[in-house]
Every structure is written in structure tokens, then in C-alpha cells.
Amino acid sequence: MDVAFSSILQWIILFITTCVILLLGFFYHKYSYWKTRGVPYEKPFLFFGNLSFAMRKSVWDFCLEVKRKHPRDYVGIFLAWQPTLLVQTPELARRILVKDHEYFQDRFLYSRKSDPLGSLNLFTLKNPKWSEMRHEISPMFTANRLKNYTKLMNMNAVELVRKIQRDYVDAKKTVDLKELFSMYTSDTVAYTAFGIRVSVLNDQPSPLWYITSHMVKWTFWRGFEFTMIFLIPAVAAILKFCFFSPKATEYIKKIFWDVVNDRNKVGKSSDKDLVNHLLKLKENLKLPADSGSELADNLMLAQAAVFILGAIATSATTLSYALHELAYNSEAQEKLFNEVSKAMVQSGKDVLEYEELVELKYLSACINETLRKYPPVAYLDRQCSKKYKLNDELIIEKGVPVFVNVLAIHYDENIYPEPEKWRPERINVSSDNDNLNFTFLPFGEGPRFCIGKRYGLMQVRAALAQIILKYQLKPAVPYNIKTDPYSVMLSPDKCSVKFVER
Ligand code: HEM
């Protein structure tokens, strides 16, 4: 072998060996993090930390497993190399989410400037911009607006029942509940966000369904992107992943500006939907003088985008599991039918209005128990912004992600005996705002709780009330449904029921 070549080879080997040693040293140092602090932790694997399950198992299943393996107040995990604290009791949830919120104001998930729709939406925005935006968006969800939205939800719920009759009962076809309910929530959001009255439920072309059907179907690649965005933001940054796919981004922009231009042409504005609200908001925003109009436009579009993302999949998942459980619980089903039909007779109408739906205690109980057993969001994401003393043994350092494991609380035997069972009677909330002393957290809590909570609940109530009036539900799939491993939020894999006309 030529001497020069052998010397180059030696240098290359030396270089690679040094890199490997440095890398192993880095991981060894990272993986000692919880041990040196005396915190019980889930044993990590090289590179992946505790995320070696990703894309084979859902994040939802992982959170439940950690709770079962470590039934304690808090436990350390590693998101690849990032030490993360998972807190698992109502008291710690109260401190992190509400009492000491000033230490945990932002989420850990990735948001990058070059992805404006991904970084400027309410879910990903960081303080102080978040608090200004939250203040501006909140009026979209006042009781008065919800009453208006409920009217439209009811119209779509009637359309939903027509589709069930036409496409599944008469045609004797099997229903994919997640897809069916995504169509329903998509039609509703088309109107509430963009003022577009379309009906994919009635087989009409819907510009919104074009986006949302992509959002609710999790491909391997989209699942991978989302897993990185939520759990390993550093990798998402290197690979330049975007919160919304380029197709969805383009389409959201197109719909938004089409709606605005149409309104300008006819000189009419609707004070009811998000588009109009955002246009007003744009005028009020206090932005740096040199930011130009692009930032303001992106801020508007990002809120419209997250409205779509937040409103569709979460409610569709809740409705799917609610029907599945009702199909297996005929007693609960009859109780619910009696409550809804009695209210319907009293109202003398075909649909129930906002106040009437809220009054239905058993309907709420069925929905809440579904959200207890199947919270669509398994953990609440926060990041520590300054040193925080958790107790005499542990100080949480700045930058450490702190996740509230909602499943650990919802499946705690001491709070909910036999947590695997679905028992609507056991959750007795005094109002939609009652978190039962932090034992019921499907919508999160504190200043960053779900802004669309009441909207989501009404959407589910309106559909469930219409369906239960017209059909008996019978099981169509085995009781234990697998979760979709590609989805960061809970998503059932093949959820179906049989509809039998009453
Ligand atoms: C069953 C339905 C829903 C469930 C279970 C749900 C659940 C959640 C959860 C757990 C969070 C995080 C809260 C936290 O970190 O404390 C959240 C945040 C959020 N949700 Fe929902 N959601 C639902 C419906 C909706 C709807 C209908 C919308 C929009 C219309 C929406 C928009 C949002 C937004 C924008 C945030 C971020 C809030 C912020 O950081 O200020 N969600 N949701």
C-alpha cells in the first residue's frame, strides 16, 4: 500500500474513532441526567432515548405504558437525548399548568421562523406574542358566537344522519367512523372559520375537505414529521420540517384570500366567521414597524390553519370512541336515547339549541367519560423557562421539557377504579369548565388550555344527539381498538359500528 494512502486512512480512522467516542460521551453524559439527580427514569436506548417505539406504537400507548411501569408522582424520560420530566399527579398538574404557570409558559414543540404557519399559530406561538394573540382570538368563542355555531353544527348533524342512512344503512356498507366524523367537523369548520357553506357529507366538492382529508389520514412520512416536530424539535429543525404540509399551506392561503377577495368584490362582510375576525385583528396588531404586511398576513393565516387542525381530528376521534362504547353498552345507549328524545319532545323542534344541549346531563356524562378514557391529547407539553424547585430533592432546570401525563391521571385506579371500564355515571362535572380538581384534563388547563373546548364539546353533542335519536348502535369491531402508530394525537385504527334504525 502506498505510504501516503495508508497515512490518510489512519487519519480517517482516527477521525471516525474520535467522533464515535465524543458522541458516546455526549450520550453517556445526557443519559446520566436523571440518575445523577436521583429521579426514577425509563431506561434509554442509544440515540433514540425512550423513543425507539416511534412509528411502531402510538405516543398515546407509550404514555399509558410509562404510567403502568412507573406508577409514581414523576418520572424521567429521554426524548432522544433530551431529558424530559413526565409529571403524573393532579397536584403536580395544578402546579405546572396553573399555579406556577410563569415558569412553564411555552410549549417545547418545534416552531421555526421559516415555517410561518407552523410557528405563528396559537398552539406553537411563544410568549409574549402568544398572550397578545390569545387575547385577540378568545372573542371567537363567546357564548353568543357558540350559539350561532351550534345552529350550523345542527344543520350538519342532520346532514350527517342523512349520509349514514344513504351510504351505510341503505347501501349496507361498513362505516369508517373517523372518516365520517372528520367530514362532519370539516363541513362545520368550513363555515365557522371561512364562512363557506359546503357539504362533503352531501358529496359536494369541499375545498376544505381537500386539506382536512390529508390531515386526518396519517401516512408514515407525515407521522414521522409530526413525531419530530413534537418530540425531537432539533431534528425537525435540521430537516426543515413544516407543521402543515406545503400542499395544505398553499391551499389554506388560497381559500383564505379567495374568501377575502370575494367579500371585497361584493362589498359584504360577515361578522360571524374567523376570516372577518382575523382581518379586524390584523388592523389592531401591534407589530414592529419594519415587519411589513407579510408578518401580519402570516399571523392571520396561521390562526386559520390551527383552527382547522384543532377542530377536526380531536372531535372526530371523540365521536368515534363515543359511538364505539355506546355500541357495547346498550343500557347507557337507552338512557341516552330517553334523555335526548324527552328533550326533543319538550322543545317541539327537530334539533336542540345550544342551551338545550348543554342541559343534557347524561349526554355530557357520556362525552366526558369518553374523553376521560380516550383523551385525544395524551400529554400536555410545557417547557421550563427558569429554574423551578419541584421539591427538596429536585430543581427543574431552564429548558427542560415538563409534560403532564394526562393518561397517568385518567387511568389512576385511586381516582377512577377500574379505569379500563367506560362508565358515564362516574364523571359528574358541574360545568364544562370543571376539571374535577385536576383529575380530568382532556382539554388541558391554565392559561394555555384548549381555546376551542366549548366549540369542540358542542360539535360532539350536536352530532351524538342526532345519531342516538335515529339509530341503535351495535358493535361492529372487537372491543379493544388499536391506536394508529403514525398519529401523535390519539387516532383509532379501524373504528366502526352497525347502525340499526329505531
Ligand atoms: C374534543 C375536542 C378537543 C380536544 C380534546 C382538544 C384538546 C386540546 C388540548 C389537550 C390542548 C392543549 C391544552 C394545554 O396544553 O393545556 C389544546 C389546545 C388547543 N386547541 Fe384544542 N381540543 C379540542 C378541540 C379544539 C377545537 C374545536 C379547536 C378550534 C376551534 C381547538 C383549538 C386549539 C388551540 C388553538 C389550542 C392551543 C391553545 C393555546 O396554546 O393557547 N381545539 N386542545
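Draft legend 1. Structural detail: the coordination of the iron atom of the ligand. What the protein offers the iron atom of the ligand as a donor is a single atom, Cys450 (SG), at 2.3 Å. Structurally, Cys450 is set in the loop between α18 (406-410) and α19 (453-470).

Draft legend 2. View of the packing of aromatic side chains. Scanning the model with the defined rule gives 31 aromatic pairs in all. The ring of Tyr33 has Arg37 lying over it, and the distance from NZ or CZ to the ring centre is 3.6 Å. One residue, Arg372, lies across the ring of Tyr416, its end atom 5.2 Å from the ring centre.

Draft legend 3. Main features of the nonpolar core. Judged by nonpolar contacts, the single largest core of 142 residues is most densely connected at Phe194, Ile467, Leu473 and Phe499. Looking at this core element by element, the count peaks at 19 residues for helix α14 (residues 292-328). Apart from residues lying up to four places away in sequence, Phe194 is in contact with Val189, Leu208, Ile255, Phe256, Val259, Arg263, Asp273, Val275, Ala304 and Ile308.

Draft legend 4. Representation of the site of the ligand within the structure. In the vicinity of the ligand lie 27 residues, with Arg107, Trp130, Arg134, Arg382 and Cys450 positioned nearest. At a separation of 3.4 Å, an oxygen atom of the ligand approaches a polar backbone atom of Leu122. In this structure, the ligand is accommodated by the largest cavity. Among the elements of the structure, α6 (129-137), α14, β3 (379-383) and α19 are those that each provide at least two residues to the shell around the ligand. Looking at the shell around the ligand, the element that brings in the most residues is α14, giving six residues. Grouping the constituent residues of the shell around the ligand by class yields 15 nonpolar, seven polar and five charged.

Draft legend 5. Quick peek at a nonpolar patch on the surface. A cluster of nonpolar residues, Ile8, Ile12, Phe15, Ile16, Val20, Leu23, Leu24, Phe45, Leu46, Phe47 and Phe48, forms a patch on the protein surface that exposes about 1100 Å² of accessible area. Of note, Phe15 is situated in helix α1 (residues 3-31).

Draft legend 6. Summary view of the pairing of strand β6 (residues 401-405). Among the five residues of β6, five are classified as buried, and the element is accordingly described as predominantly covered. What you see with β6 is no split at all: Pro401, Phe403 and Asn405 on one side and Val402 and Val404 on the other are buried throughout. With five bridges connecting them, β3 and β6 associate as antiparallel partners. Pairing of Arg382 across the sheet is with Val402, part of β6.

Draft legend 7. Structural detail: the sheet that holds β6. Spatially, four strands are ordered β1-β2-β6-β3 in an open sheet, and the strand pairing comes out mixed. Two strands lie at the open edges of the sheet, namely β1 (74-79) and β3, each paired on one side alone. Going across the sheet, the axis of each strand differs from the next one's by a mean of 30°, ignoring polarity. Strand direction decides the pairing type here: β1 and strand β2 (residues 82-87), joined by six bridges, are antiparallel. When the bridges of β2 are listed, Ile77 appears paired with Thr84.

Draft legend 8. Representation of the environment of Leu407. In this fold, Leu407 is placed in helix α18. When the C-alpha atoms of Leu407 and Pro375 are compared, they prove to be 7.5 Å apart, with 32 residues separating the residues in sequence. Each residue touching Leu407, except ones within four places of it in the same chain, is listed here: Trp60, Cys63, Leu64, Pro375 and Ala378.

Draft legend 9. Summary view of the pattern of salt bridges. Under the defined criterion, the tally for this structure stands at 29 salt bridges. With a shortest N-O distance of 2.9 Å, Arg94 and Glu91 are connected by a salt bridge. Note that Arg94 and Glu91 are positioned in helix α4 (residues 90-99) at a spacing of three residues, about one turn of the helix. Taking relative accessible area as the criterion, Arg94 reaches 30% and is therefore assigned partly exposed.

Draft legend 10. Spotlight on helix α7 (residues 143-170). With 28 residues, α7 should cover 40 Å at 1.5 Å per step; its first-to-last C-alpha distance of 38 Å lies within 8% of that length. Its maximal kink placed at Ile164, α7 deviates by approximately 25°. Just beyond α7, the residue with positive phi is Lys172, at close to 50°.

Draft legend 11. Representation of the side chain of Ser341 in the model. Positionally, Ser341 belongs in helix α15 (residues 330-347). Within the structure, Ser341 has its side chain in polar contact with the backbone oxygen of Phe337 (distance 2.8 Å).

Draft legend 12. Main features of the packing of helix α8 (residues 177-194) against α19. With their axes 12 Å apart at the nearest point, α8 and α19 run at an angle of 130° to one another. Overall, the two elements α8 and α19 adopt an arrangement that is oblique. α8 and α19 meet at a crossing whose hand is right-handed. Along the contact surface, α8 presents Phe181, Tyr184, Thr185, Thr188, Val189 and Thr192, while α19 presents Tyr455, Gln459, Ala462, Ala463 and Ile467.

Draft legend 13. Broad picture of empty space enclosed by the protein. One pass over the full model with this rule turns up eight cavities of 30 Å³ or more. Taken as a whole, the largest cavity encloses approximately 990 Å³ of empty space. What lines the largest cavity is a set of 46 residues, among which Phe123, Gly310, Thr314, Val377 and Cys450 lie closest to the centre. Listed by contribution, the elements that provide at least two residues to the lining of the largest cavity are α6, α10 (220-231), α14, α17 (361-373), β3 and α19. In terms of residue count, α14 provides more of the lining of the largest cavity than any other element does, nine residues in total. Among the residues making up the lining of the largest cavity, the classes are represented as 32 nonpolar, nine polar and five charged. Of the pockets and cavities examined, the second largest cavity occupies roughly 60 Å³. Going through the elements one at a time, α3 (59-69) and β1 are the ones with two or more residues in the lining of the second largest cavity.

Draft legend 14. Inspection of the environment of Tyr251 at higher detail. With respect to the helices, strands and loops of the structure, Tyr251 is situated in helix α12 (residues 246-266). The class of Tyr251 is partly exposed, set by a relative accessible area of 25%. Residues Tyr251 and Tyr210 lie 41 residues apart in sequence; the distance between their C-alpha atoms is 8.4 Å. When sequence neighbours within four positions are dropped, the list of residues in contact with Tyr251 reads Pro207, Tyr210 and Ile211.

Procedures and definitions
- Residues numbered from 1 in each chain as written.
- Predicted model: local features only at pLDDT ≥ 70, side-chain atom pairs only at ≥ 80, totals over all residues.
- Heavy atoms only, no water.
- Donors = N, O, S within 2.8 Å, 3.2 Å for Na, K, Ca; no water.
- Helix = DSSP H or I, 4+ residues; strand = E, 2+ residues; numbered from the N terminus.
- Phe/Tyr/Trp six-rings, centres within 6.5 Å; stacked < 30°, edge-to-face > 60°.
- Lys NZ or Arg CZ within 6 Å of the ring centre and 35° of its normal.
- Core = buried A, V, L, I, M, F, W, Y, C linked by side-chain atoms within 4.5 Å.
- Buried < 20%, exposed > 50% of the residue type's maximum accessible area, 1.4 Å probe, protein only.
- Contact = heavy atoms within 4.5 Å.
- Near = heavy atom within 4 Å.
- Polar contact = N/O pair within 3.5 Å; in protein donor to acceptor, adjacent residues only side chain to side chain.
- 1 Å grid on protein atoms, 1.4 Å probe; cavity = no way out; pocket = protein on both sides within 12 Å on 5 of 7 lines; lining within 4 Å.
- Sits in = over half its atoms within 2 Å of the grid points.
- Nonpolar A, V, L, I, M, F, W, Y, C, P; charged D, E, K, R; others polar.
- Patch = residues over 30% accessible without salt bridge, like charges linked within 9 Å, V, L, I, M, F, W, Y side chains within 5 Å.
- Areas by Shrake-Rupley, 256 points an atom, 1.4 Å probe, with all protein chains shown as cover.
- Salt bridge = Lys/Arg side-chain N within 4 Å of Asp/Glu carboxyl O.
- Pairing = 2+ DSSP bridges.
- Axes fitted to C-alpha atoms, helices over the stretch in contact; angles between N-to-C directions.
- Expected span 1.5 Å × (residues − 1).
- Bend = angle between axes of the 7 residues up to and from the residue.
- Parallel < 35°, antiparallel > 145°, perpendicular 65-115°, else oblique.
- Left-handed = near helix turned anticlockwise from the far one by under 90°.
- Points joined across faces, edges and corners; volume = space filled by probe spheres on them.

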